[in-house]
Amino acid sequence: MSIADDSSPKAGRPWYLRLWDQAPESNPDSSTIERGVDGICRRINFYAGQRILDIACRRGFEAAELAASGGEVTGLDASEAMLKVARHYTQTRHTSVEWIHGDMRVIEWVGLYDAVMIRDVIFGIFDPATNHDVLRRAARALRPGGRLFLEVYNKTYALQHGVERWATYNADADCFEGDVGPDKIRARVYLFSPEEWRSILTDVGLTDICIYAAGVDDAHAQRPPSSARVIGVVAMKESVRSL
């Protein structure tokens, strides 16, 4: 399945697609995948039959493992190179995931998923209004009571340390810019502080917002989120109240 995007050769491919097309085909070790999946399951209260949308699913390892555990999983990514790896991995796990080649900016699902994940730490690759709209669309895709789960770079930390040594802060544009990847692709990302995440997610209609210092095994979850390189964010779509 495919959802249209604007990355036609005539228009020129955006920096993030050129970067993601360089996706390695080798898999991380199984223990790394397992720790990632365990963390996801805790944050979304995973159960068999749960309908999960993984936005920017990348190579799809965690999505495939959730499907192998009984989840009904959809993985969306704009990079066909990433999805090629994801499809192959799914076959090796003898499970099924609905892989969609498409653009997160145009998803139109309404009330379909119990959990939506955006775990690409470089969230904010579009302009500020579009980034906000992506979150609005993700929230709209949730059923009442469903959870949005994000793992993202923390602006507060990045202002002091940069982003993975490749991006520095542009105060005039309120974004981070730099050259990334072996081809030194020029990139621009907009990051958010924990306080900004609370405001944005409240604005798109989510509640019970929890923000914490993320780690592979959540070992440092007690640290204040402002001090963490990567933060986890969990928010809920309010359940329909009975009269």
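Before reading further, recall that the structure is shown in the block above.
It should be emphasised that the depicted structure is a prediction, and the values quoted were computed from it without experimental measurement. (Residues numbered from 1 in each chain as written. Predicted model: local features only at pLDDT ≥ 70, side-chain atom pairs only at ≥ 80, totals over all residues. Heavy atoms only, no water.)

Trainee: Would you mind showing me how to read the pattern of salt bridges here?
Mentor: Once their charged atoms are close, side chains differing in charge can pair, the charge on each being opposite to the other. Across all of its chains, the model carries 16 salt bridges by this definition. When the shortest N-O distance is used, the salt bridge between R105 and D103 registers 2.7 Å. Between E164 and R229 there is a salt bridge whose closest N-O contact spans 2.4 Å. Pair noted here: E164 is in the loop between α6 (155-161) and β6 (167-170) and R229 is in the loop between β9 (206-213) and β10 (230-237), with a separation of 65 residues, a long-range link. Using a relative accessible area of 40% as the deciding quantity, one classes E164 as partly exposed. Given a relative accessible area of 39%, R229 falls into the partly exposed group. Among the charged side chains, a salt-bridge network with shared partners connects E108, D133, R136, R137 and R140. (Salt bridge = Lys/Arg side-chain N within 4 Å of Asp/Glu carboxyl O. Helix = DSSP H or I, 4+ residues; strand = E, 2+ residues; numbered from the N terminus. Buried < 20%, exposed > 50% of the residue type's maximum accessible area, 1.4 Å probe, protein only.)

Trainee: Explanation requested: helix α3 (residues 61-68) in the structure shown.
Mentor: One full turn of an α-helix is made of 3.6 residues, so residues set three or four places apart face in the same direction. Summarising burial for α3: seven of the eight residues are buried, a large majority. Among all positions of α3, only F61, E62, A63, A64, E65, L66 and A67 are buried. Residues of α3 that are buried in the fold lie against α2 (30-44), β1 (51-55), β2 (72-77), α4 (80-92), β3 (98-101) and β4 (113-118). Following α3 by one or two positions, G70 adopts a phi angle in the positive range, close to 110 degrees. (Contact = heavy atoms within 4.5 Å.)

Trainee: Got a minute to help me understand the sheet that holds strand β7 (residues 175-180) in this structure?
Mentor: Pairing is antiparallel in the open sheet, where three strands are placed in the order β6-β7-β8. Of all the strands in the sheet, just β6 and β8 (185-189) have a single pairing partner and so form its edges. With strand direction ignored, the average angle separating the axes of adjacent strands in the sheet is 25 degrees. Where β6 meets β7, four bridges bridge the pair, whose relative direction is antiparallel. Residue pairing across strands places T168 opposite E177, the latter belonging to β7. (Pairing = 2+ DSSP bridges. Axes fitted to C-alpha atoms, helices over the stretch in contact; angles between N-to-C directions.)

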